[in-house]
Amino acid sequence: MKRHHYDLLYKFCTSLAVVLVLLVVMAIWHLGSNSMIACGFTGAFFFHVGSRPKSKHLLWAVATGAGYGTAYALLGTSFGGSALQAATGIGAFLGLGSLTIMSLAMVWTDSRAYVEPLRRALVLPVFSLIAGISMDAVTKARPPAYDFYLYAFDSGLGLTPGASVVKLFDALPWLQMAAPVIYALLLLFPTLYDAWGLRLGQRSSLMTAFAVGGVCGFIFYQICPGLGPVYVFGSRFPAHLPDPGEFQLAMYHGAGARNAMPSMHMTWALLVWWSAWELTPLARWIATGFATLTFFATLGIGEHYLVDLIVAVPFALLIEAICALRSERKAALQAGAVALAFTLSWLLMLRTTAVAHMPIWAGWAMVVGTIAVTVPIQFALRRRLRTTLRRAQLFDLAGELKLGPAPALR
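Residues numbered from 1 in each chain as written. Predicted model: local features only at pLDDT ≥ 70, side-chain atom pairs only at ≥ 80, totals over all residues. Heavy atoms only, no water.

*Asks:* Help me understand the overall build of the protein chain, please; the structure alone is not making it clear to me.
*Replies:* Scanning the protein chain from N- to C-terminus turns up 17 helices and 0 strands. In terms of its C-alpha atoms, the protein chain occupies a principal-axis envelope of roughly 80 × 80 × 40 Å. Sorting the 410 residues of the protein chain into buried and exposed places 47% on the buried side. Counted over contacts in the protein chain with a minimum sequence separation of 6, partners at least 24 positions apart contribute 84%. Element-wise, carbon and sulfur atoms account for 68% of the exposed surface of the protein chain, whose accessible area totals about 20,200 Å². (Helix = DSSP H or I, 4+ residues; strand = E, 2+ residues; numbered from the N terminus. Buried < 20%, exposed > 50% of the residue type's maximum accessible area, 1.4 Å probe, protein only. Contact = heavy atoms within 4.5 Å. Areas by Shrake-Rupley, 256 points an atom, 1.4 Å probe, with all protein chains shown as cover.)

*Asks:* It is not clear to me how the packing of helix α3 (residues 55-74) against helix α4 (residues 83-109) should be interpreted in this structure. Could you clarify?
*Replies:* The angle between the axes and the distance between the axes are what describe a pair of packed helices. Between α3 and α4, the shortest axis-to-axis distance is 7 Å and the interhelical angle comes to 125°. Here α3 lies oblique to α4, going by the angle between them. Regarding α3 and α4, the two cross each other, and that crossing is right-handed. For the pair α3 and α4, the contacting residues are H57, W60, A61, V62, T64, G65, Y68, G69 and Y72 in the first and F93, L94, L96, G97, S98, T100, I101 and A105 in the second. (Axes fitted to C-alpha atoms, helices over the stretch in contact; angles between N-to-C directions. Parallel < 35°, antiparallel > 145°, perpendicular 65-115°, else oblique. Left-handed = near helix turned anticlockwise from the far one by under 90°.)

*Asks:* What am I meant to see in the packing of aromatic side chains here?
*Replies:* Each pair of aromatic rings is reported with the distance of its centres and the angle of its planes. All chains considered together, the criterion is met by 18 aromatic pairs. Summarising the aromatic geometry, the rings of W273 and W274 are spaced 5.1 Å apart at their centres and angled 75° between planes, so their arrangement reads as edge-to-face. Since its relative accessible area comes to 6%, W274 is described here as buried. Where W277 meets F379, the ring centres are 6.5 Å apart and the plane angle is 75°; that geometry is what we call edge-to-face. Residue W277 is located in the loop between α13 (264-276) and α14 (281-300), and its partner F379 is located in helix α17 (residues 360-400); the two are separated by 102 residues in the primary sequence. Overall, the relative accessible area of 37% leaves W277 in the partly exposed class. (Phe/Tyr/Trp six-rings, centres within 6.5 Å; stacked < 30°, edge-to-face > 60°.)

*Asks:* What is the right way to read the pattern of salt bridges from this model?
*Replies:* Working definition: two side chains of opposite charge can pair if their charged atoms are close together. With the rule as written, the count across this model stands at 7 salt bridges. A salt bridge links K11 to D7; the shortest N-O distance between them is 3.5 Å. Placement of the pair is K11 and D7 together in helix α1 (residues 3-28), with a separation of 4 residues, close to one helical turn. With a relative accessible area of 11%, K11 lands in the buried category. (Salt bridge = Lys/Arg side-chain N within 4 Å of Asp/Glu carboxyl O.)

*Asks:* Can you walk me through the side chain of S103 in this structure?
*Replies:* With respect to the helices, strands and loops of the structure, S103 is situated in helix α4. The class for S103 is buried, based on a relative accessible area of 16%. Filtering out sequence-adjacent residues up to four positions away, S103 remains in contact with V18 and L118.

*Asks:* Even after reading the chapter, I still don't get the nonpolar core, so can you show me in this structure?
*Replies:* Core analysis: the largest hydrophobic core is formed by 110 residues, its most contacted members being F153, Y193, V307, W346 and L350. Examining the composition of this core, we find that 13 residues originate from one element, helix α15 (residues 306-323), more than from any other. (Core = buried A, V, L, I, M, F, W, Y, C linked by side-chain atoms within 4.5 Å.)

*Asks:* I keep staring at the packing of helix α11 (residues 206-221) against α13 and nothing clicks. Help me out?
*Replies:* Direction vectors running N to C along α11 and α13 enclose 155°, while the axes themselves pass 10 Å from each other. The orientation of α11 relative to α13 falls into the category roughly antiparallel. Taken as a pair, α11 and α13 cross one another with a handedness that is right-handed. Of the residues in α13, those in contact with L206, A209, F210, G213, G214, G217 and Y221 of α11 are M264, W268, L271, V272 and S275. Per-class residue counts for the contact of α11 with α13 are 8 nonpolar, 4 polar and no charged. (Nonpolar A, V, L, I, M, F, W, Y, C, P; charged D, E, K, R; others polar.)

*Asks:* What should I look at first to understand the side chain of T294 in this one?
*Replies:* Its location among the elements puts T294 in helix α14. When neighbours within four sequence positions are excluded, T294 is seen to be in contact with I182, H265, M266 and A269.

*Asks:* So what exactly am I meant to see when it comes to unusual backbone geometry here?
*Replies:* Trans is the prevailing form of peptide bonds, just as negative phi is the prevailing case for residues other than glycine. Between F237 and the following residue, P238, the backbone shows a cis peptide bond with an omega angle of 0°. Looking at the secondary structure, you find P238 in the loop between α12 (229-233) and α13. Of note, the bond from M261 into P262 is cis; its omega dihedral lies within 30 degrees of zero at -5°. Even without a glycine there, the phi angle at H30 is positive, about 50°. Within the secondary structure, H30 is located in the loop between α1 and α2 (35-50). Given the relative accessible area of 35%, H30 is considered partly exposed. Its identity as a non-glycine residue notwithstanding, R52 has a phi of 55°, on the positive side. When you line up the elements, R52 lands in the loop between α2 and α3.

This is the structure in C-alpha cells:
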C-alpha cells in the first residue's frame, strides 16, 4: 500500500473510533433521559456555534445529531419521561453531532480551528465521569455527616429557610415551576456562557473554574460532610422541621451523597454570574435570573441549608483566585488567602457545638461580614483581570500590525 492509502486508512479508523465511542457513551449514560449529564453534552453544540464555524459544518452537526438520536431510539434506551428530559436529550444529541463534526474536521483537514472548542466541550463530560466515580465511592463509605450542626446554625438565625421558600413557592406558582427546572439545567449555563465569550473573542476561564471548583468542592466535602435537609428529615421537610430544642447535636450516619457543604450549585451559579459581567447586558440579566432561581431552588427543594449558600460566596472567590494565578499572581494570592481563610473558618466552626449556643446577632454578623468582605475583593480582582486582559489584547493587536519605518525627526 502507498503512503496515501495508509493515511486514508488511519483517518477512516480514527473517524470510526470517534463515532463508536460516542455511541457507547450515549447508551451507557442514557443521554435521552439523564437531564443533568445531557446538559453537559449540549455544551459541545454551544462551543461549536461559538467557534463561528462554516454553515455547512453546523448543518452536518445537526444531521449527525439526528443520526445519534435515531440510533438511540433503535437501541431501545429510555427516552424522555418529561418535557425537560426530552429537551435536554435533544440538546445532548446535537452536542454529540458537534463533537463528531469538530473531531472529523480536525482528522480530515488537519485544521486547528476546533482545538479550543473541543477542549472546552470535553471538560464537562470528563468531569462528570470522574466526579460520579469519586462521589459514589464516598457515598458508599458513609462518613459521618454534620447535618444537625448545619441545621442548628440556620435555626440560630431565627429562620426556617426551606419552609419560607416553600411558602413563597405556594404564593408564586411560576417560581415553583421555574426554580427546579433551573436547578436541573445547572450544567447548561457554564458552557453557554463560556461559549458566549468564545464567540465574542474573549479569553474565558469559566470552564477551568468549573473544573477547579469541582475538585476543591470534593475536598471540602470531606471537611464538613452534609447531605441536605430533605435527605435527613425526610417527610418532615419542610412543614414539620424540628425546633432547635427538639434534637441533640449528633453525627448523621444515614445513606446519601455528602455534597451539601459548600453548595456547588450556588458556587457555579456565582461563577457564571461573575463571568457575565465580561459579556453583554443581556448576559448579565440572564445570569442574575439563573443565580436567583438557583438560590431559591436549593432551599425550596431541600438540597441545601442556608449556610451552605453563604459559604459558597467566599468559596467562589477562592476558585476565581486560583484560576487568576497565572495572569495576576499577587492580587490572586491575596484574594485567595482571604477566601481560603473564610471558607475554612466556616467549615471548621460548623463542626463544633458553638453553632447551638451562638446568639442570633453573632450568626448574622458572620453572614453579613463574610459577604461584605469577600464580594468587594471579588470585584477588585475582576477589575484587575479585566485590565490585564485588555492590555494583553492591545499587545496582541500591536504584534499583528505591520508598521513601516518611523519617520526621521526634524
